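Residue strings, one per chain:
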Amino acid sequence: MGQLADVGLGREDLADDTAHRRRHRGFEFYVGGGLGAVPYQAKLFEEFLPVEELLPTTQAIARVFARLGEKKNRNRARIKFLVDDLGIEKFKALVLEERSGLDQDPRCRQLLREVESYHEQPLKSAGEFPEKGSRRFQEWLKTNIRPQKQPGYVVATVTLPLGDISANQLRSLADIVRSYTRETVRTTVEQNFVIRWVSQSDLPKLYQALEVACLAEPGAGNIIDIVACPGTDTCKLGISSSRGLGAELRSRLATKSLELDAAIQALHIKVSGCFNSCGQHHVADLGFYGVSRKVGGYAVPHFQVVLGGQWTQNAKAYGLPMVAIPSKNIPDVVSRLAECYVNDRLRGESFQDFIGRSGKVKVRKLLEDLIRVPGYDVDRSYFSDWGDPREYSIGDIGKGECAGEVVSAVEFDLASAERQVFEAQVLAEEGKIQAAGETAYTGMLYAAKGLIRLEVVDITDDQDEIMSQFRSKYYDTQKFFDPFAGGKFANYLFAAHRRSNEGYTLDSSRRLIEEAQLFIEASHSCYNRIVPRVAKS
């Protein structure tokens, strides 16, 4: 996953050194990537970087970042922001200049010699793949076993539902791994374990041992193998219950997993409890991140639906948020999208290509009726989250003489802001990059203006006045500040305003669309905090 990292490696390769009649080992070298609230695709630093240059180059990058990286705003203290600000060519020139001044470190060469001399060895002799076994065993073989390039050996995946494993299970797993391998076990970014160098002939016994430890779940890497962050269970940043939703989706999908079309079984679902991408929602076929909405005076847990992400090819593409759906309707979102994909896809068409061909307008129309929330007295289940019977919120906004009109105007502006950002996505999809950036910025202005209405009812459409009023009423007073991210999202607005007269590129417009959506989500959160006080004043 090199393109997701601050500094990452791509494919390993060999290059001919004709002068010395030998071959060099090296890697594609990337820099400046990362997920987070707004994902950044890493830039290719070198198509081929010899292994002996990996550590010195990384050290040079660290020195450049230490010298020029953000010092005041911790939210921007990331290599990805520095690379974006400088551009990859200027950043690379600074790194190479820094690298030229570094002395050769003998420890680097020693480390490389140790790496070259290290070779993993199997514990058991290579064997034949088993042809018989129970239906459950055969299902596990199909989803959890991958062949190694060494004949007779496989990699076995231990599926952990939602990434959970008990202390006793972990001890059992350690014993199992020692029984069949030389402790060649690793964790994965999909919250599972993989055991390497398993002899094929040991698979029946390995499965039985895992089954005793309740670690023999099939479905690794398919639609029921859902990745979810802790969400509201334990994380202070959690907005919606990512684990609760993940458990519900897994339960529903597992009952019919064998009946699902093969193309559906291969999809990835990833869930984050907030806008940060701890659950990796940006690189999922079906991604969701937690948000909240005020409906009839009550907070309702929602998830933004993120489509178009690509998990394969080193996370080649990031998805964009499509629409916010009540948490209790997300299982229906999954069912509808899966059904539509099975019925309408072209032969061999991937889910990402299908979503791109269908277009965001068609996909949103498919989900339009799921946006609606029934009244509190009609169905109260919508006002609690998955796995938590308590009310998500009971913040009645009241009925003051003028607050009702102000609140409805604010909600109208926030809804208009979301429509603008969606329109920006459609424009970007059509290749109208400049219009997409301008429309995303307009959406931010609508949201800011909506909040300002709470204090200045007759706010004009003048952009500079909106900026001035928003800064004085919400930024300087810290009313808009996120409890943990501070003024991060307000700074998205100010930066967009400063750059509003500049041209947009494909990358900058896409990033602005992401930032606009996050600013609008922050506006919803701010509004939800303020409304009860406004209504009762």
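Computed from a prediction, not measured in an experiment: that's the story for all the values here.

> Break down the environment of arginine 107 for me, citing the residues and quoting the values.
Structurally, arginine 107 is set in helix H4 (residues 106–117). You can call arginine 107 exposed: its relative accessible area is 65%. In terms of polar contacts, arginine 107 uses its side chain to reach the side chain of aspartate 105, at 2.8 Å.

> Provide a residue-level description of the sheet that holds strand S10 (residues 286–295), including the pertinent values.
If you trace the 5 strands from one edge of the open sheet to the other, you get S8-S9-S10-S11-S12, paired in mixed fashion. The sheet terminates laterally at strand S8 (227–228) and strand S12 (320–326), the two strands that pair on one side only. Against the sheet, helix H11 (residues 330–344) engages strand S9 (269–272), S10, strand S11 (298–307) and S12, with an angle of about 140 degrees to S10.

> Could you give me a rundown of helix H6 (residues 167–180), with the residues and numbers involved?
In this model, H6 (14 residues) spans 21 Å end to end at C-alpha, consistent with the 20 Å of a helix rising 1.5 Å per residue. Residues Gln169, Leu173, Ile176, Val177 and Tyr180 constitute the buried set of H6. When H6 is viewed along its axis, its buried side chains cluster within an angular range of 100 degrees and face the same direction. Facing away from the buried surface of H6 by more than 90 degrees, the exposed residues are Asn168 and Arg171. Against the buried residues of H6 lie strand S5 (153–158), strand S6 (185–187), strand S7 (193–199) and helix H7 (203–212).

> Give me the nonpolar core: which residues, what numbers.
Counting residues in each nonpolar core, the largest one holds 54 residues, and the members touching the most others are Phe470, Tyr474 and Phe480. Elements represented by at least two residues in this core include exactly S10, S12, helix H14 (403–429), helix H15 (433–452), helix H16 (463–475), helix H17 (488–498) and helix H18 (506–536). Take this core: its biggest share by element is 11 residues, from H18. Setting aside anything within four residues of it in sequence, one finds tyrosine 474 in contact with Leu451, Ile452, Leu454, Glu455, Gln469, Lys479, Phe480, Cys526 and Ile530.

> Explain the packing of helix H8 (residues 242–254) against H11 to me, using residue names and the numbers behind them.
At a minimum axis distance of 10 Å, the contact between H8 and H11 shows a crossing angle of 45 degrees. Classified by the interaxial angle, the pair formed by H8 and H11 is oblique. For the pair H8 and H11, the crossing hand works out as right-handed. When H8 is examined against H11, the residues Leu245, Glu248, Leu249 and Arg252 are found in contact with a partner set consisting of Ile330, Pro331 and Val334. Here the residues of the contact of H8 with H11 sort into 5 nonpolar, no polar and 2 charged.

> Please set out the confidence of the model for the protein residue by residue, giving values where relevant.
Predicted coordinates in areas of low pLDDT are best not read in detail. For the protein, the mean per-residue pLDDT works out to 87, and 90% of the residues sit at or above 70. Looking over the protein, one finds the lowest element-wise mean pLDDT in strand S1 (residues 7–17), namely 57, and the highest in S5, namely 98. Every residue in residues 16–21 is under pLDDT 50, and counting partners more than four places away or in other chains gives 4 contacts.

> Quick rundown of the state of the cysteines? Include the residues and the values.
Counting across every chain of the model gives 0 disulfides. With no disulfide of its own, cysteine 235 lies closest to cysteine 274 among cysteine sulfurs, the gap being 6.1 Å.

> How would you summarise the packing of aromatic side chains if you had to cite specific residues and measurements?
All chains considered together, the criterion is met by 21 aromatic pairs. Each ring, one from tyrosine 40 and one from phenylalanine 81, has its centre 5.3 Å from the other, and the planes form 80 degrees; the classification is edge-to-face. Here the residue tyrosine 40 occupies a position in the loop between strand S2 (22–31) and strand S3 (43–50), and phenylalanine 81 occupies one in helix H2 (residues 79–86), the gap between them amounting to 41 residues. As far as the burial class goes, tyrosine 40 and phenylalanine 81 line up, both buried. Considering the side-chain rings of tyrosine 475 and phenylalanine 494, the 5.3 Å spacing of their centres and the 80 degrees angle between planes classify their relative orientation as edge-to-face. Of this pair, tyrosine 475 sits in helix H16 while phenylalanine 494 sits in helix H17; the two residues are 19 residues apart in sequence, bridging distant segments of the chain. Ring pairing ties together the aromatic residues Phe470, Tyr474, Tyr475, Phe480, Phe481, Phe494 and Phe519, which thus form one cluster. Over the face of the ring belonging to tryptophan 386 we find lysine 328, whose NZ or CZ atom lies 5.0 Å from the ring centre. A cation over a ring is seen here: arginine 345 above tyrosine 341, with NZ or CZ 5.4 Å from the ring centre.

> Can you lay out the pairing of S11 for me, pointing to particular residues and giving the numbers?
Here S11 lies mainly inside the structure; 10 of its 10 residues are buried. In S11, alternate side chains face the same way, and those of Tyr298, Val300, His302, Gln304 and Val306 on one face and Ala299, Pro301, Phe303, Val305 and Leu307 on the other are all buried. Alignment of S10 against S11, held across 10 bridges, turns out to be antiparallel. Across the sheet, residue valine 291 finds its bridge partner in S11, namely histidine 302. The turn joining S10 and S11, which pair antiparallel and follow one another in sequence, is formed by 2 residues; a positive phi near 60 degrees is taken by glycine 296. Pairing analysis gives 6 bridges linking S11 to S12, with the strands arranged antiparallel. If you follow glutamine 304 over to S12, its bridge partner there is alanine 324.

Basis of the calculations
Residues numbered from 1 in each chain as written. Predicted model: local features only at pLDDT ≥ 70, side-chain atom pairs only at ≥ 80, totals over all residues. Heavy atoms only, no water. Helix = DSSP H or I, 4+ residues; strand = E, 2+ residues; numbered from the N terminus. Buried < 20%, exposed > 50% of the residue type's maximum accessible area, 1.4 Å probe, protein only. Polar contact = N/O pair within 3.5 Å; in protein donor to acceptor, adjacent residues only side chain to side chain. Pairing = 2+ DSSP bridges. Contact = heavy atoms within 4.5 Å. Axes fitted to C-alpha atoms, helices over the stretch in contact; angles between N-to-C directions. Expected span 1.5 Å × (residues − 1). Arc of directions from axis to C-beta. Core = buried A, V, L, I, M, F, W, Y, C linked by side-chain atoms within 4.5 Å. Parallel < 35°, antiparallel > 145°, perpendicular 65-115°, else oblique. Left-handed = near helix turned anticlockwise from the far one by under 90°. Nonpolar A, V, L, I, M, F, W, Y, C, P; charged D, E, K, R; others polar. pLDDT = per-residue confidence, 0-100. Disulfide = S-S within 2.5 Å. Phe/Tyr/Trp six-rings, centres within 6.5 Å; stacked < 30°, edge-to-face > 60°. Lys NZ or Arg CZ within 6 Å of the ring centre and 35° of its normal.

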